[in-house]
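Given next are the chains, with one letter for each unit.
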Amino acid sequence: MILAFEFEYGSNNDILERLLCEIATDFAILHAIQRTHNTITLFAEDNEERLGAFADTLAAMLPLSIFFKSTNVFVAPNRPQDGIVCTSTSCEDIVFTPKHLAFVDETLSPSLRTIGFDMYENETLIAKGVTRDERESLYEKVVETLVQGHFVKVCYRNETYTIAPIEAYETVSQTGDAEVIATDLSALERMVVIRDNEIKALATLERPALRLKVNAVFAQKSSIASRVWIRLANDLFLYQLSKALQKKGVAFLAKTTKPCESASFSVVIDENTIIDTMRICVFENGEIVLLKDDTVPMPEALQKIEEPSHRAFASIMHEHRIFENVTTCFYLSCTHDDRIMQYSKEHGMLNLVSFPLPASYQALFEEIEHTSASAKRLVENYRTHFPDLYAKALATPIPANLPKSIFSLWNIASILLGLCDVWEEGAQKLIENAEDFGGQKGPRIDYYLQKEDALISDFNYLRLIRSAMSFKLAGTDEVTLSFGFMESLAYFISDTADAHKENMGCEKIALGGLMFGLKRFSEMVIKNIKPNHTICMNQELPIDG
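Quick caveat, the model's predicted, so the values are computed rather than measured. (Residues numbered from 1 in each chain as written. Predicted model: local features only at pLDDT ≥ 70, side-chain atom pairs only at ≥ 80, totals over all residues. Heavy atoms only, no water.)

Student: Outline the overall build of the protein, listing residues and values.
Tutor: The number of helices and strands found in the protein is 19 helices and 20 strands. Expected size for 545 residues packed as a compact globule is a radius of gyration near 24 Å; at 27 Å, the protein falls within 12% of this value. Taken over the C-alpha atoms alone, the protein extends approximately 80 × 60 × 40 Å along its principal axes. A buried classification covers 54% of the 545 residues belonging to the protein. Restricting the contact set of the protein to residue pairs at least 6 apart, pairs at least 24 apart contribute 70%. Total accessible area computed for the protein in this model is approximately 24300 Å², and 49% of it derives from carbon and sulfur atoms. Looking at charge distribution, the protein has the averaged site of its 52 positive side-chain charges lying 3 Å from that of its 76 negative ones. (Helix = DSSP H or I, 4+ residues; strand = E, 2+ residues; numbered from the N terminus. Rg over C-alpha atoms; globule rule 2.2 N^0.38 Å. Buried < 20%, exposed > 50% of the residue type's maximum accessible area, 1.4 Å probe, protein only. Contact = heavy atoms within 4.5 Å. Areas by Shrake-Rupley, 256 points an atom, 1.4 Å probe, with all protein chains shown as cover. Lys, Arg positive; Asp, Glu negative; His and termini not counted. Charge placed at Lys NZ, Arg CZ, Asp CG, Glu CD.)

Following this line, the structure appears as structure tokens:
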């Protein structure tokens, strides 16, 4: 009898094939593997009883992955002879599997080899973990050090990071690379607002991080930021330490990979390690996009594309195999220039819309005043009713190297509207306000091109800012106004997609750039676009290009 275990797997890496090979080989069952695009099928051949036992073993030993889309099991007529018969089943670089975790739970090793580690205070050795009992005591020593409020630097041969009590998160966040480590899945809802599909994603093989809102109860008793990047332990030392911390009632740690002068204690592990720094976004429908993943190599052909927006668009076409289709791409980034582009076999890749910025707030006000008499009155009214905001804007320089993007325009608007006093945090504050909005509809902020009826034109930032100033003068509160920026952008994208379908024969819509890693924004965009269009986003490569 032959059973076929079929997996839809949204990545071209070979991790699933190797795991299936390892499990089948360990079980000593005759097997073969076939792959067709993203469909991977394991064929196992044996009698009915053994196949039933193997199915149970496979379910227990195969870890969850963010790349799993669906599974299916069926009886196959034969085992293909042209399948991939695995001769090597090495999975040592795949850390968080049930097999490997069982080994480190037994040995308390911070590695897939049985090794010890040392602990130092400043430069003085204070503990060694050679035997299993010594390693257990050393974990308890690290826990005690953290509970007392100290920072601890963890040093592998090839990776270094610092951990601290969660109460020190604000200090750690000043490094610009802070994350929260939850010591157990059960602790998550004590800190953040999280959906079931997000909890499942955090527990996957890849150990990704999610950006989540801190819940009201935790926020009241903590000075932690309103949004945090949170994950489970993503290396084996931290995995074992998390179990020891959980026993002591410690649910969360702060972590940074940047240098932290407050760390006077250190743990040294004489071993290389693999630490996945993946960050993702999980949509309500269960779809997952990668925001960051340093372990995924960019295909060589894509590496040669210098422009990030073009590279992101090409990566989506590469993953979805849509080089035969007319496709419009909306690329909205937080760090690169935005573009609306279109690809067709006939014309190649065309830039349709760019997003210019004002040179300064003074130039912005003057440009608005020159558009019409009513616009001139608008600026005068704004100066009269909000003199402090007007003066603050004039005193704030707009950096010359600012990416020409919607994110930058939101930053400019945030300072002008008084949503935020700090330039570097302006757009982020607008985004958080929008995400906190509890209503159904916001004010309609103007998103138009300079040539309204044209398909190729620069974006009209004057109308965007003018409409926002008008709503501010009308008394619209900051949260509602912020949501208007986000909601109106979602409608602008769907309206543009419809126009491209009608006038340019667009068959697919590609969405790229980190702005589409904002859960609420992306879900609005997808809801608006999906009825009339096929949407393509990166499945394996990070979405920012």
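Student: Go over the nonpolar core, please, and point to the residues and values.
Tutor: If you look at the biggest cluster of nonpolar residues, it comprises 93 residues, and the most contacted ones within it are Phe54, Met191, Ile230, Phe237, Leu241 and Phe252. Apart from residues no more than four positions distant in its own chain, Ile230 is found in contact with Val180, Ala182, Leu188, Met191, Val192, Leu202, Pro208, Ala209, Leu210, Leu212 and Phe252. Counting residues in hydrophobic clusters, the runner-up holds 74 residues, among them Leu364, Ala490, Phe492 and Leu518. (Core = buried A, V, L, I, M, F, W, Y, C linked by side-chain atoms within 4.5 Å.)

Student: Account for the sheet that holds strand β3 (residues 39-45), naming residues and giving values.
Tutor: Sheet architecture is open: four strands sit in the order β2-β3-β1-β4, paired in antiparallel fashion. Edge positions in the open sheet fall to β2 (30-36) and β4 (68-75), since each of these has one partner strand only. Across the sheet, the mean angle separating the axes of adjacent strands is 15° when strand polarity is ignored. Direction of pairing for strand β1 (residues 2-9) relative to β4: antiparallel, over a ladder of seven bridges. Residue pairing for β4: Leu3 is matched across the bridge by Val75. Strands in contact with helix α1 (residues 15-27) are β1, β2, β3 and β4; relative to β2, the strand with the most contacts, it is inclined by about 170°. Its contacts with the sheet place helix α2 (residues 48-61) against β1 and β3, and it is angled at close to 20° to β1. (Pairing = 2+ DSSP bridges. Axes fitted to C-alpha atoms, helices over the stretch in contact; angles between N-to-C directions.)

Student: Report on the pattern of salt bridges, specifying residues and quantitative values.
Tutor: According to the stated counting rule, one finds 27 salt bridges in the structure shown. The partner of Arg157 in a salt bridge is Asp270, and the shortest N-O contact between them spans 2.8 Å. Separated by 113 residues along the polypeptide, Arg157 in the loop between β7 (152-155) and β8 (160-165) and Asp270 in the loop between β13 (265-268) and β14 (279-282) bring together distant segments of the chain. Here Arg157 matches Asp270 in class, with each residue exposed. Among the ionic pairs, Asp436 bridges to Lys213, the shortest N-O distance being 3.0 Å. (Salt bridge = Lys/Arg side-chain N within 4 Å of Asp/Glu carboxyl O.)

Student: An account of unusual backbone geometry is needed here, citing residue identities and associated values.
Tutor: Backbone geometry at His37 places phi at a positive 55°, although glycine is not the residue there. Its location among the elements puts His37 in the loop between β2 and β3. For Arg321, which is not a glycine, the phi torsion comes out positive at approximately 55°. As for its placement among the helices and strands, Arg321 is situated in the loop between α11 (308-320) and β16 (327-331).

Student: So what about the packing of aromatic side chains? Which residues, and what values?
Tutor: For the structure shown, the criterion picks out 19 aromatic pairs. Relative to Tyr139, the ring of Phe117 has its centre 5.1 Å away and its plane inclined at 55°; by these criteria the two rings are tilted. Residue Phe117 is located in strand β5 (residues 117-121), and its partner Tyr139 is located in helix α4 (residues 132-147); the two are separated by 22 residues in the primary sequence. Through a chain of ring-to-ring contacts, three or more aromatic side chains come together here, namely Phe7, Tyr9, Phe67 and Phe68. Across the ring face of Phe96, the terminal group of Arg207 is positioned such that the distance to the ring centre comes to 4.1 Å. Against the face of Trp229 rests Arg279, its NZ or CZ located 4.4 Å from the ring centre. (Phe/Tyr/Trp six-rings, centres within 6.5 Å; stacked < 30°, edge-to-face > 60°. Lys NZ or Arg CZ within 6 Å of the ring centre and 35° of its normal.)

Student: Can you break down the sheet that holds strand β17 (residues 339-344) residue by residue, with the values?
Tutor: A sheet is described by the order of its strands in space; here five strands give the open sequence β18-β17-β16-β19-β20, paired in mixed fashion. Since the sheet does not close on itself, it has two edges, and those belong to β18 (348-354) and β20 (534-536), each with one partner. Between one strand axis and the next, the sheet turns by 25° as a mean value, whatever way the strands run. As paired strands, β17 and β18 are joined by six bridges and run antiparallel to one another. Within the sheet, the bridge partner assigned to Tyr343 lies in β18 and is Met349. Contacts between α11 and the sheet are confined to β16, β17, β18, β19 (508-512) and β20, with β17 contributing the most and set at about 45° to the helix.

Student: Residues and numbers for the packing of helix α13 (residues 373-385) against helix α14 (residues 387-394), please.
Tutor: The N-to-C vectors of α13 and α14 enclose an angle of 105°; their axes lie 5 Å apart at closest approach. The pairing of α13 with α14 is recorded here as roughly perpendicular in orientation. Facing Val379, Tyr382, Arg383, Thr384 and His385 of α13, the residues of α14 in contact are Pro387, Leu389 and Tyr390. Taken together, the residues of the contact of α13 with α14 sort by class into five nonpolar, two polar and one charged. (Parallel < 35°, antiparallel > 145°, perpendicular 65-115°, else oblique. Nonpolar A, V, L, I, M, F, W, Y, C, P; charged D, E, K, R; others polar.)

Student: Give me the lowdown on the layout of surface pockets, citing residues and values where you can.
Tutor: Roughly 1400 Å³ of volume is contained in the largest pocket. Along the walls of the largest pocket sit 36 residues, with Gly176, Arg211, Trp229, Gln428 and Glu432 positioned nearest its centre. Those elements giving two or more residues to the lining of the largest pocket turn out to be α5 (169-173), β11 (227-231), β15 (288-292), α15 (406-416) and α16 (426-436). Examining the composition of the lining of the largest pocket, we find that four residues originate from one element, α16, more than from any other. Its residues assigned to classes, the lining of the largest pocket comprises 16 nonpolar, nine polar and eleven charged. (1 Å grid on protein atoms, 1.4 Å probe; cavity = no way out; pocket = protein on both sides within 12 Å on 5 of 7 lines; lining within 4 Å. Points joined across faces, edges and corners; volume = space filled by probe spheres on them.)

Student: Could you give an account of the packing of α15 against helix α17 (residues 461-473), with specific residues and numbers?
Tutor: Packed helices, taken two at a time, are described by the angle their axes make and the gap between the axes. At a minimum axis separation of 11 Å, α15 and α17 run at an interaxial angle of 30°. As summarised for this structure, α15 and α17 are arranged roughly parallel, according to the angle between their axes. Crossing angle aside, the handedness with which α15 passes α17 is right-handed. Across from Leu409, Ala413 and Leu416 in α15, the residues of α17 making contact are Tyr461, Leu464, Ile465 and Met469. For the contact of α15 with α17, the residue count by class is seven nonpolar, no polar and no charged. (Left-handed = near helix turned anticlockwise from the far one by under 90°.)

All quantities given are derived from atomic positions and should not be read as evidence of function.
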